[in-house]
Amino acid sequence: MSVPPLLGPPRVRFGIDPSAPIGGAWYPYTVQLADELPGVLAAARPQIGDVTGMDVNWSSFRRIPGLDSPDSPMTPPLMTLTAGGVVVTLLVIPPRTASSLAAILLRQASNTVSPDSQLHSLEFRRAERILELARRSLSTS
């Protein structure tokens, strides 16, 4: 059995309030999500406990373009993790998304304060719109 190469630490952030509609975000390195899930689950353990359930809202992650693409989905990809009585919904940022937008999304989804210089940037506003679309999709499902 071969072990996939380690690309780096999991790029996942959880918010202070996991019960928020969007409780964090994950920015995988590749579309091979199964290879990266163990790292996400390990990162989740100190935040929310041992994950006992997982649900996703996409059929094929391989086909999803970056969230900065004109072809990006109207409903951003989401993943729900259940640990004990805690349910956390993560925005899953496709790896084709520009790292600058992904960094802002990771901070916004986890309610981490962004540097003042980014508060009025086009990417900051784009990230706000993406998160709003994600929240709306949760309220209509």
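Residues numbered from 1 in each chain as written. Predicted model: local features only at pLDDT ≥ 70, side-chain atom pairs only at ≥ 80, totals over all residues. Heavy atoms only, no water.

Student: Describe the sheet that holds strand β5 (residues 86–92), listing the residues and the values that go with them.
Tutor: Strand order in the open sheet made by the five strands is β1-β2-β5-β4-β3, with mixed pairing throughout. At either margin of the open sheet sits one strand with a lone partner, and together these are β1 (12–14) and β3 (53–56). The sheet shows a mean angle of 25° between the axes of neighbouring strands, direction not considered. The sheet contact formed by strand β2 (residues 24–26) and β5 spans three bridges and is parallel. Looking across to β5, one finds that Trp26 is bridged to Val92. Against the sheet, helix α3 (residues 122–140) makes contact with β4 (78–83) and β5, and its axis sits at roughly 135° relative to β5, the strand it touches most. (Pairing = 2+ DSSP bridges. Helix = DSSP H or I, 4+ residues; strand = E, 2+ residues; numbered from the N terminus. Axes fitted to C-alpha atoms, helices over the stretch in contact; angles between N-to-C directions. Contact = heavy atoms within 4.5 Å.)

Student: Can you tell me about the confidence of the model for the protein, naming the residues and giving the values?
Tutor: This prediction gives the protein a mean pLDDT of 88; 90% of its residues lie at or above 70. Within the protein, the element-level pLDDT minimum falls on α3, averaging 91, and the maximum on β2, averaging 96. (pLDDT = per-residue confidence, 0-100.)

Student: Could you give an account of helix α1 (residues 33–48), with specific residues and numbers?
Tutor: One full turn of an α-helix is made of 3.6 residues, so residues set three or four places apart face in the same direction. Within α1, the full set of buried residues consists of Leu33, Glu36, Leu37, Val40, Ala44 and Ile48. Among the structural elements, β1, β2, β3, β4 and β5 are those in contact with the buried residues of α1. Positive backbone phi, approximately 100°, marks Gly49, located one or two places after α1. (Buried < 20%, exposed > 50% of the residue type's maximum accessible area, 1.4 Å probe, protein only.)

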